[in-house]
Each structure stands twice: as structure tokens, then as C-alpha cells.
Amino acid sequence: MNMQLIGAFLAELRKEKNLTQDELGEQIGVTNKTVSRWENGNYLPPVEMLQILSKFYGVSINEILNGERINDSDYKNISEENVKSALNRSNVIIRKHKKIMNWIIAIVVALLYITVSVISQKWQYTWIVWVVYCAYRTVENIVNYFLNIHVNLK
């Protein structure tokens, strides 16, 4: 997925409708800065915006993601490539979020351990470690479960 190509295509489609970025933003419910970011290739519109833009411009989402209009003979191949690219991008983002979530969980567990230890003023109890560890693993499994469901639905 070439973000610059997508942005240029979105700008071309907007200009075909004789709209400014500000006017387009008003019509679809975003700011002109957001439209500018899309058209400059800095950001990809979210899925719900891709649907709105697709209807608004009368092109398919695949054509937007491809950055040009697609003829019927190439449509299937290009659609497959766009889906693969989107899935790869999603997997990278999900892996990044999993790492962040694991760090957050580890920090929360450490704070919980320290809090319980300070309140009880008995640092030597190993059961605190086991409770905290079990809590950490439970939360981690719940987060992984919901992330896996999210990946499988796509």
C-alpha cells in the first residue's frame, strides 16, 4: 500500500468534484487538516472513512487503497493484494499493542505487589507473589483472547 499514491488519488477525486479540503471535510464530518493529512500520504483514512469516501466519490475501497481506478480484469488480483497488505499492517499494529499491553500489565502487577506489601508490612510472604503472578497471567490471557478474536474476525 503506497500512502503517497493513495493520498494523491484522494486529492484527485476531491478536485474532480471541485471541492476544497475544507468543503470536503464539512461534508464528511472531519477537519480540513485531516483531509490534508490523507492527501499528503501522512495518514490512511480509517475503515469507516474509507467507506464514506468510497460512496462519496463513487469508487470502490479497493480503488482508493490501490491509489487509482481499477479495470475489471485486474480487480481480483489488486483486491487480493490490498487485503494481504491490510492484514500485514494489522498484524504489525496488534503485535505492537500486545507488547505495550504486556508492559502495562507488568507495571500494574509490580505496583499491586508493592501496595499489598506496604499495606501488610510483611514483605516475606510468598503468597503475595503468587497472587500477583496469577492476576498478571489472568489479565494477560484475557487480553490475548480478545486480541485473537479481533484478528480472526478480520
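Please read all numbers here as calculations on a predicted model, not as lab measurements.

1. Regarding the packing of aromatic side chains
Right, so step 1: Tallying each qualifying case throughout the model produces one aromatic pair.
Right, so step 2: Taking the centre distance of 5.3 Å and the plane angle of 75° together, the rings of F56 and Y57 count as edge-to-face.
Right, so step 3: Given the relative accessible area of 9%, Y57 is considered buried.
Right, so step 4: Over the ring of F56 we find K17; its NZ or CZ atom is 5.0 Å from the centre of that ring.

2. Looking at helix α1 (residues 3-16)
Right, so step 1: For α1, spanning 14 residues, the distance from its first C-alpha to its last is 20 Å, which sits close to the expected 20 Å at 1.5 Å a residue.
Right, so step 2: When we look at burial in α1, the residues that qualify are M3, I6, G7, F9, L10, A11, L13 and R14.
Right, so step 3: N18 sits one or two positions beyond α1 and adopts a positive phi of about 55°.

3. Overview of the environment of G67
Right, so step 1: Here G67 shows up in the loop between α5 (61-66) and α6 (75-120).
Right, so step 2: In the structure, G67 is positioned 65 residues away from N2 in sequence and 7.5 Å away in space, judged by C-alpha atoms.
Right, so step 3: In this structure G67 touches L5, I6 and F9, once residues within four positions along its chain are discounted.

4. Thoughts on the nonpolar core
Right, so step 1: Within the largest apolar cluster, 17 residues are counted, with the highest numbers of intra-cluster contacts made by L10, I28, W38, L53, Y57 and I64.
Right, so step 2: For L53, the residues in contact, after removing those within four places along its chain, are L10, I28, W38, P45, G58 and I64.
Right, so step 3: Counting six residues, the second largest nonpolar core, distinct from the first, contains I105, V132, V143 and L147.

5. So, the side chain of E39
Right, so step 1: Checked against the element boundaries, E39 lands in helix α3 (residues 32-39).
Right, so step 2: Engagement of the side chain of E39 in a polar contact is seen with the side chain of Q21, the distance being 2.8 Å.
Right, so step 3: In contact with E39, other than residues within four places in its own chain, are G7, A8, L10, A11, R14 and Q21.

About the cut-offs
- Counting from 1, residues in each chain are numbered in the order their sequence is written.
- For a predicted model such as this one, the threshold for reporting local features is a pLDDT of at least 70, and the threshold for listing and counting side-chain atom pairs is 80 or more; totals across whole chains, interfaces and linings nevertheless cover every residue.
- With hydrogens and water excluded, all non-hydrogen atoms of the structure serve as input to the side-chain values.
- Think of it this way: a Phe, Tyr or Trp ring, Trp meaning its six-membered ring, pairs with another when their centres are within 6.5 Å, and the plane angle makes it stacked under 30 degrees, edge-to-face over 60, tilted otherwise.
- Type-normalised accessible area, obtained with a 1.4 Å probe on protein chains alone, sets the label of each residue: buried when under 20%, exposed when over 50%, and partly exposed for intermediate values.
- Note on criteria: charge over ring means Lys NZ or Arg CZ within 6 Å of the ring centre, with the direction from the centre no more than 35 degrees off the ring normal.
- Each helix corresponds to a stretch of at least 4 residues labelled H or I by DSSP, and each strand to a stretch of at least 2 residues labelled E; elements are numbered beginning at the N terminus.
- Helix span, expected: 1.5 Å multiplied by one less than the number of residues in the helix.
- Here, two residues are considered to be in contact whenever any of their heavy atoms come within 4.5 Å of each other.
- Joining through side-chain atoms within 4.5 Å is the link that ties buried Ala, Val, Leu, Ile, Met, Phe, Trp, Tyr and Cys residues into a set, and such a set is a nonpolar core.
- We call two N or O atoms a polar contact when they sit within 3.5 Å, provided that within protein one can donate a hydrogen and the other can accept it, with sequence-adjacent residues counted only if both atoms are side-chain atoms.

Geometric descriptors of this kind do not, in isolation, establish any biological role.
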